[in-house]
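Observations on chain architecture
As a plain string of letters, each chain reads:
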Amino acid sequence: MWTGSELVDELGVTIRSVRRDVDRLRDLGYPVESERGAGGGYRLGSGRRLPPLLLDDREAVAVAIALRLAAGGAVAGVGEHALGALTKLDQVMPGRLRERVADVTESMVTVPGADTPVKPELLIDLGHAVRGTEQVRLEYRDRAGRDSERRVEPYRIVVLGRRWYLLAYDLDRQDWRTFRLDRMGDVHRSRWRFTPRSDVPDPALHVQQSVTLAPYRYQARVVVHARAEKVSERFPPAYGTVMPVRDASHPDGPACRLDTGADDLEVLAWYLARLPGPFVVESPDELRETFAALAVRLSLASQVPGPSTWAADTSDT
C-alpha cells in the first residue's frame, strides 16, 4: 500500500497528477485499489482480466525467448498457446528488439524429448497444493511399471533437465519421496491443510540425489582432485551430485566429492575414468576391484604387440 504523499515524493509529481494517473490506469484495465482515511492509499489488486503488461527491453526479450522454448517444451498443450502469445508480443515489439529476438529464435532448433509431456492442469493443481500446504492423493506409476496411490504432503516442484519432479512427504511410507510428474495420473486435492515439517530437505539436492543414485543397482562415491565446476562438466546434475570438499591429504588443492550410480560397474568405471583429475573411490569396494581388472587390460593394451605380450597375462580378465 502506497499513500498519496509517498507516491508524490517517489514520482516527483503533484497529488493531482497521481489521482489522474490512477484513473488512467483503471481505464486501461489495471485494478488499482484505494482506501480512504488514516493508513489508506493505493495498491495494485488482482482483476478479472489480464491488463496490459509493461516490460523493459531485457524483460521483453527474455519473455519472447522463453515463449519460443515453451512452444517445444515438456508441458503438454502449452506449445500452441505459447506461439500465440509470442505472435502477439512480436506484433507490438520495437524493431530493434524484434531483431534481437529473431537472432536467437531463428538460430534455435527444438528437438522434442522422448519423455511423456506433463499435463498443465496437473502442474496447476500441484502448484496450488504446494503454495497452500494442502495434502493431495496421487495416482502414480513407478519406474518398474507398478501402479499405486500415494497420500502426500507436497513441498516443492523441481525441474531437472527436461523433467519435472515433486518433492513430497509420503504419509503412508513416512519418508521423503521424489515423484516424476510425467508418471502421475490424476491428482486429487484433499482441501486438508498440513503443518510444514521442520526437517524439509533441500529440494534441489534431494531430487538430484534421488535421480542420480536411488534408481541404480550400484551407488558410487569418489573424491576427485579437481575443481567442482570441471567435474560438473562431465557429470551434469542429471547424472551426478558434485559437492566441493577440502581433502586433508591435499589441503592446498581443489577437491570435490561426486555421488553417482549405474546398473553396471564396468560402465560406471569407464565414465569415471573420464574425470578431469585423479580420484579416490570411497565406495563401493566392488568398484575398486573393477578398476583393478580394467587396469590390467589397459596396461596390456598399451604394450607393443609381440609373443611375450599375451604370455604376460594368462588370466581370464
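So, a few notes on the structure that sits alongside this text. (Residues numbered from 1 in each chain as written. Predicted model: local features only at pLDDT ≥ 70, side-chain atom pairs only at ≥ 80, totals over all residues. Heavy atoms only, no water.)

This paragraph deals with the pattern of salt bridges. Enumeration over the complete set of coordinates arrives at 19 salt bridges. R96 is the salt-bridge partner of D57, the closest N and O atoms lying 3.0 Å from each other. With D57 in helix α3 (residues 57-70) and R96 in helix α5 (residues 95-105), the pair connects residues that are 39 residues apart, well separated along the chain. Overall, the relative accessible area of 29% leaves D57 in the partly exposed class. Measuring nitrogen to oxygen at the nearest pair gives 3.0 Å for the salt bridge that ties D142 to R146. On the basis of relative accessibility, which here comes to 54%, the residue R146 falls in the exposed class. Each of E33, E35 and R43 takes part in salt bridges that share partners, so that together they form one network. (Salt bridge = Lys/Arg side-chain N within 4 Å of Asp/Glu carboxyl O. Helix = DSSP H or I, 4+ residues; strand = E, 2+ residues; numbered from the N terminus. Buried < 20%, exposed > 50% of the residue type's maximum accessible area, 1.4 Å probe, protein only.)

Before going further, it helps to examine the environment of E121. Of note, E121 is situated in helix α6 (residues 120-131). Residues E121 and D186, 65 residues apart in the sequence, show an inter-C-alpha distance of 9.8 Å.

On to the environment of R100, then. Secondary-structure assignment places R100 in helix α5. Residues R100 and V61, spaced 39 residues apart in sequence, show a C-alpha to C-alpha distance of 7.5 Å.

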